[in-house]
Amino acid sequence: MIKKKNGVQGLIGLERFSKYGVKTDKAEIVFFSVEPTNISVLSAANIDVKIHHLMMLLSTIPDLEIIALDSCECFDSNKNHVRKRLEIEENEEVRKLLQSDYDFLEEIQAEMSSARQFMFAIRFRREKDEQIFNIINRVGKAISEHGFSAKKMTKPEIKRILALYFGTSISGEEIPDIEGENEFDTEDMADENI
């Protein structure tokens, strides 16, 4: 009997990237990246209109999911660790260094705190590719008609969000499809095989 390895990908149910999004063990998920609106510059009446448009969109497409995430890594666990070290550290020079690290993490987090990413997601369970394509177009059109600027996310954009979410990337740099593939020069390997 062959044992299946229990990797992170299997534990969270991700199977592969699909033509339109991500295939999980339960559904295919398509993501739309939404351009955020700075509501701090809008009047109360305009904010009410935005809320109404969102309510109308969700009533038009009730299966539409809303996702809001930081578009960069959060430093809370690092800050907690440094703060605990500060509480127990006796050496004044080390305390100064720890305080400097803590202040730096605070500064970075403050700069990035406004870096939010908003997405709409739609799940497909049994639909065929042609049905998915038609529904994606209908959803994209509905999003636009209700006053939101959004576009279907590409594979690199989805990989970036997954990398940030699972903590494998601080700034969201592009992750290769195959781990370690950038360590090999495939042209040199092909020349050696000739």
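As a reminder, the structure under discussion sits directly above these lines.
Calculation rules
- Residues numbered from 1 in each chain as written.
- Predicted model: local features only at pLDDT ≥ 70, side-chain atom pairs only at ≥ 80, totals over all residues.
- Heavy atoms only, no water.
- Helix = DSSP H or I, 4+ residues; strand = E, 2+ residues; numbered from the N terminus.
- Polar contact = N/O pair within 3.5 Å; in protein donor to acceptor, adjacent residues only side chain to side chain.
- Contact = heavy atoms within 4.5 Å.
- Salt bridge = Lys/Arg side-chain N within 4 Å of Asp/Glu carboxyl O.
- Patch = residues over 30% accessible without salt bridge, like charges linked within 9 Å, V, L, I, M, F, W, Y side chains within 5 Å.
- Areas by Shrake-Rupley, 256 points an atom, 1.4 Å probe, with all protein chains shown as cover.
- Buried < 20%, exposed > 50% of the residue type's maximum accessible area, 1.4 Å probe, protein only.
- Pairing = 2+ DSSP bridges.
- Core = buried A, V, L, I, M, F, W, Y, C linked by side-chain atoms within 4.5 Å.

1. Observations concerning the side chain of E89
One can find E89 in the loop between α3 (76-88) and α4 (92-112). Within the local environment of E89, its side chain forms a polar contact with the backbone nitrogen of N91, the two atoms lying 3.1 Å apart. Sequence-distant contacts of E89, defined by excluding residues within four places in its chain, comprise V94, R95 and L98.

2. A word on the pattern of salt bridges
Taken as a whole, this structure holds seven salt bridges when the rule is applied. Salt-bridge contacts for K26 lead to D25; the nearest nitrogen and oxygen are separated by 3.9 Å.

3. Focus on the environment of P36
As for its placement among the helices and strands, P36 is situated in the loop between β3 (28-34) and α2 (44-60). Sequence separation between P36 and R116 is 80 residues, and the spatial gap between their C-alpha atoms is 8.1 Å.

4. What to know about a nonpolar patch on the surface
Residues I12, Y165 and F166 make up a contiguous nonpolar surface patch of roughly 330 Å² in combined accessible area. Looking at the element boundaries, F166 is found in the loop between α6 (155-165) and α7 (186-192). On the accessibility criterion, F166 (38% relative accessible area) is partly exposed.

5. Re the pairing of β3
The two faces of the sheet receive side chains in turn, since in a regular strand these alternate between them. Counting buried residues in β3 gives seven out of seven residues, a clear majority hidden from the surface. Burial along β3 is two-sided: the residues E28, V30, F32 and V34 and I29, F31 and S33 are all buried. Relative to β3, strand β2 (residues 22-24) runs antiparallel, the two being bridged by two bridges. From the neighbouring strand, K23 faces β3, where its bridge partner is E28. The hairpin formed by β2 and β3 contains three residues between the paired strands. As paired strands, β3 and strand β5 (residues 116-124) are joined by seven bridges and run antiparallel to one another. Note on β5: the bridge partner recorded for E28 is F124. Where β3 and strand β6 (residues 150-152) come together, three bridges link them in antiparallel fashion.

6. Considerations on the environment of K26
Its place among the elements puts K26 in the loop between β2 and β3. For K26, a relative accessible area of 65% gives the class exposed. Residues K26 and G13, 13 residues apart in the sequence, show an inter-C-alpha distance of 7.7 Å.

7. Description of the nonpolar core
Nonpolar side chains in soluble globular proteins tend to end up buried together. Grouped together as the largest cluster of nonpolar side chains are 16 residues, with contacts concentrated most on F32 and L57. When contributions to this core are tallied by element, the ones reaching two or more residues are β3, β5 and α5 (129-145). With five residues, α5 is the largest single contributor of residues to this core. Here L57 is in contact with L64, F120, A142, I143, H146 and F148, once residues within four sequence places are set aside. Membership of the second largest hydrophobic core comes to nine residues, among which are V22, I29, M119 and I161.

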